[in-house]
Amino acid sequence: MRKKTMLILLIICIPILFFWGITTKWLIDGEKPKANGKYKYVIVLGAKVKRGAIPSKALAFRLDAALNYAMKYPEVHIIVSGGQGPDEDATEASVMKRYLIDRGFPETQIISEDQSTSTYENLLNTKRIIGDDLKGLTIISSDYHLARAKMLAEELHIKCDVIPAKTPKSIETKVRFRERFALLKSAITGK
């Protein structure tokens, strides 16, 4: 009986450990290659907007990472990408644009994509907006989210590099756990 129990535990644990190991590797690899200014366009992927059209802490971290990058490479154009969720009173793109402008980033270097409802749509719609001028893209998102964003960019034949934004400690455990399943889904479906 004890051998049978051990065998059942092994049958259950091995796939779980494999899943955890492979998604951990994907999450780590998602933060590479670091952007170095070679791409003209930078996309900031949207995140939650709070009541009053206020960016969540995660979204503010992404935008601050974009501003820091733009200070180093002032010729970049920033694409703010994100539609409006049912619990948001403004599009993520409009809130992001206002945040950047309020901090001195030139409006003429901001491109808004405000129709997307997923990371896949962020990238697809951006590819459509930029068209033939898109040679590659610097993706800015929360550190845990970059692996999936890169996976989807590859699916859409978009060359990319990345800038990781920190994840708020208050949500880190939850979003990293959830992202592992989202990565698996994207690896299987391509979306």
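**Q** Run through the packing of helix 1 (residues 2-29) against helix 6 (residues 169-189), naming residues and quoting values.
**A** Each packed pair of helices is defined by two parameters, the angle between the axes and the distance between the axes. Axis separation between helix 1 and helix 6 bottoms out at 10 Å; the angle between their running directions is 90°. The angle between helix 1 and helix 6 places the two elements in the roughly perpendicular class. Residues Phe19, Trp20, Thr23, Thr24, Trp26 and Leu27 of helix 1 pack against Arg176, Phe177, Glu179, Arg180, Phe181, Leu183, Leu184 and Ala187 of helix 6. Taken together, the residues that form the contact of helix 1 with helix 6 break down as 9 nonpolar, 2 polar and 3 charged.

**Q** Describe the pattern of salt bridges, and please don't skip the residues or the numbers.
**A** A side chain of one charge can pair with a side chain of the opposite charge when the charged atoms of the two come close. Summed over all chains, the structure comprises 11 salt bridges. Here Arg98 and Asp102 are joined by a salt bridge, their closest N and O atoms 3.2 Å apart. Highlighted residues: Arg98 and Asp102, both in helix 3 (residues 92-102), separated by 4 residues, approximately one helical turn. Overall, Asp102 belongs to the exposed group, its relative accessible area being 52%. Here Arg148 and Glu179 are joined by a salt bridge, their closest N and O atoms 2.7 Å apart. Within this pair, whereas Arg148 is found in helix 5 (residues 146-155), its partner Glu179 is found in helix 6, the two being separated by 31 residues in sequence. You can call Glu179 buried: its relative accessible area is 4%. When salt bridges that share partners are traced, they join Asp143, Lys169, Glu172 and Arg176 into one network.

Here is what the cut-offs are and how they apply
Residues numbered from 1 in each chain as written. Predicted model: local features only at pLDDT ≥ 70, side-chain atom pairs only at ≥ 80, totals over all residues. Heavy atoms only, no water. Axes fitted to C-alpha atoms, helices over the stretch in contact; angles between N-to-C directions. Helix = DSSP H or I, 4+ residues; strand = E, 2+ residues; numbered from the N terminus. Parallel < 35°, antiparallel > 145°, perpendicular 65-115°, else oblique. Contact = heavy atoms within 4.5 Å. Nonpolar A, V, L, I, M, F, W, Y, C, P; charged D, E, K, R; others polar. Salt bridge = Lys/Arg side-chain N within 4 Å of Asp/Glu carboxyl O. Buried < 20%, exposed > 50% of the residue type's maximum accessible area, 1.4 Å probe, protein only.

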